[in-house]
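The residues making up each chain are set out below.
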Amino acid sequence: MSTAAHGNADYRDHGLEFPPGFVIGSATASYQIEGAANEDGRGPSIWDTFSHVSGNITDASTGDVADDHYHRMVEDLDLMKGLGLESYRFSMAWPRIQPTGSGAVEQRGLDFYGRLVDGLLERGIRPIATLYHWDLPQALEDAGGWPNRDTADRFADYARIAVEALGDRVHTWTTLNEPWCSSYLGYGSGAHAPGRTDGADALAAVHHLNLAHGLAVPIIRETATNDPDVSVTLNFHVARGSGATSPEAKRRIEGLANRVFTGPMLLGAYPEDVIADTAEVTDWSFVQDGDLELINQRIDVLGVNYYSTVTVEMWDGISPRQNADGHKDVGGSPWPGSRDVEFLVQDGPYTDMGWNIAPDGLEDLLVDLSEQFPDQPLMITENGAAFPDVVTDGRVHDAERVDYLNRHFTAAHRALQRGVDLRGYQVWSLLDNFEWGYGYSKRFGIVRVDYDTQERIVKDSGHWLSELIRTRRTP
Ligand code: FCB
């Protein structure tokens, strides 16, 4: 990673300018907001199963009701319109559309997303649809899940069904959200559904998620009739460290977290060093002839999710090993073959997730990606922060979230000034929602949700974003 040129120590620029066509909006995901878990023929997903197992979710909650968005979609669309959002990034629940992950199609599920997309277009908001944000149909997990190659083919079928239904009006299709989490947290650490803990399975899942992406991209292009943008969203780990062994540790972690996806997807090969680093875990025999050609597809935009950094060095094998990688520790490791890499506790300030606030990490990441992939447009598809909000006289004065967003929009602005082809910024999240293993205990919304009444209150950060969009300048 290059080091960002810090224009001022404060890292909050004023008068931010964004080029014409740069879309500012907000993001959500199906299982985190929809609720209506058993309605209109929706089948169970791995997150239904996982969240109903005692001990898996910090506050013992589930996504059964969540924000009840399934029933309040029109109200939520009006909220977006009121904020002046230019885009909305949502995900489609595979088990609403194919309840068992293959075969029969549930028209009521497709109709729901059809109404959502129409409602966005009527309000002048660009629809950015993600096909997979982690809610794998349980039937496919029962058949082996992502470590099973067949799941990639099932995903390709599902992609065709979704795009046949909405491929005349979705602006941007994203195949996968954060396959890092799907594979390493789902099958390695066990912090996410389905909660399995096997490093070899996690790496097989990596490959089959890459394959699923590669199979879906041409299907989206040939099925859609409106020439959409096609993308994938990755959560890049920005690794830092000043120790003598930090460069080696950074290579390891950025390989396993980032290059194992960008390598096959954008360059057509797995990084040799990652294959060597994981040799004791797997022989990679799940990679079949021809797979890399399938995975290596041109994409119109690369989605970047960014929240914070990690600081790494090699563990000396003697002192207590620090494990501060920012992910919920449930015993298993999301880093196959990396017991000798140590994640050091980082300096604050921190968000309510315990994640360090490092906007310059976003600037570094965007510049680094544009140097690695010079012709690849980028979009920030998630960035935001959880803080313990308080309601005062019907308002939420979330000054820390405003400040976080201000600093990260500054980072995006600085990256643009340094020549990065950045196409937009989707704030995570529109609504407080089910934050996976943490349930409802972490609030990321720019709009507060009262889970007892389902009342929505636009937080100061929502007003701030609205004002940014309204007053944004173009160079
Ligand atoms: C990302 C997920 C998103 C949300 C944020 C906080 O990893 O894509 O659903 O949980 O983190």
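Look a little higher up for the structure.
Quick summary incoming for the structure in this document. In this text the structure is predicted, and so the values were computed from the model without any measurement.

**Quick look at helix α7 (residues 150–166)**
Part 1 of the argument: A rise of 1.5 Å per residue sets the reference length of α7, with its 17 residues, at 24 Å; its end C-alpha atoms lie 25 Å apart and thus fit the reference within 8%.
Part 2 of the argument: What α7 keeps buried is the set T151, A152, R154, F155, A156, Y158, A159, I161, A162, V163 and L166.
Part 3 of the argument: In this structure, the buried side of α7 is in contact with α4 (94–97), α5 (107–122), β3 (126–132), α6 (138–142), β4 (172–177) and α9 (199–223).

**Here's the deal with the pattern of salt bridges**
Part 1 of the argument: Counting across every chain of the model gives 45 salt bridges.
Part 2 of the argument: In this structure, D201 engages R196 in a salt bridge whose closest nitrogen and oxygen atoms are separated by 3.2 Å.
Part 3 of the argument: The exposure class of R196 is partly exposed, given its relative accessible area of 25%.
Part 4 of the argument: The partner of R259 in a salt bridge is D273, and the shortest N-O contact between them spans 2.8 Å. Of this pair, R259 sits in helix α10 (residues 246–267) while D273 is found in helix α11 (residues 272–277), placing the two residues 14 residues apart along the sequence.
Part 5 of the argument: R259 gets classed as partly exposed once you look at its relative accessible area, which sits at 23%.
Part 6 of the argument: Relative accessible area serves as the criterion here: at 22%, D273 is assigned to the partly exposed category.
Part 7 of the argument: A network of salt bridges, in which partner residues are shared, links E248, R251, R252, R259, D273, D277 and D340.

**Some words on the pairing of β4**
Part 1 of the argument: Of all 6 residues that make up β4, 6 are buried, and the element is covered over most of its length.
Part 2 of the argument: Sheet analysis places β3 next to β4, joined by 4 bridges and oriented parallel. Each residue of the ladder has a partner; that of Y132, found in β4, is L176.
Part 3 of the argument: As paired strands, β4 and strand β5 (residues 229–235) are joined by 4 bridges and run parallel to one another. Looking at β5, one finds that N177 is bridged to T233.

**So, the packing of aromatic side chains**
Part 1 of the argument: What the rule picks out here adds up to 32 aromatic pairs.
Part 2 of the argument: Arranged with centres 5.2 Å apart and planes meeting at 75 degrees, the rings of W47 and F50 form a pair that is edge-to-face. With W47 and F50 both in helix α2 (residues 46–51) and 3 residues apart, this pair spans about one turn of that helix. Of the two residues, W47 and F50, neither departs from the other in class, the shared state being buried.
Part 3 of the argument: On the basis of an interplanar angle of 5 degrees and a centroid distance of 4.8 Å, the ring pair of W94 and Y158 is categorised as stacked. With W94 in helix α4 and Y158 in helix α7, the pair connects residues that are 64 residues apart, well separated along the chain.
Part 4 of the argument: Here Y158 falls in the buried class, since its relative accessible area comes to 0%.
Part 5 of the argument: By the ring-pair criterion, three or more aromatic residues cluster together here, those being Y31, W47, F50, W134, F434, W436, Y440 and Y451.
Part 6 of the argument: For the cation-ring pair, K328 lies above Y438, with the distance from its terminal atom to the ring centre recorded as 5.5 Å.

Parameters at a glance
Residues numbered from 1 in each chain as written. Predicted model: local features only at pLDDT ≥ 70, side-chain atom pairs only at ≥ 80, totals over all residues. Heavy atoms only, no water. Helix = DSSP H or I, 4+ residues; strand = E, 2+ residues; numbered from the N terminus. Expected span 1.5 Å × (residues − 1). Buried < 20%, exposed > 50% of the residue type's maximum accessible area, 1.4 Å probe, protein only. Contact = heavy atoms within 4.5 Å. Salt bridge = Lys/Arg side-chain N within 4 Å of Asp/Glu carboxyl O. Pairing = 2+ DSSP bridges. Phe/Tyr/Trp six-rings, centres within 6.5 Å; stacked < 30°, edge-to-face > 60°. Lys NZ or Arg CZ within 6 Å of the ring centre and 35° of its normal.

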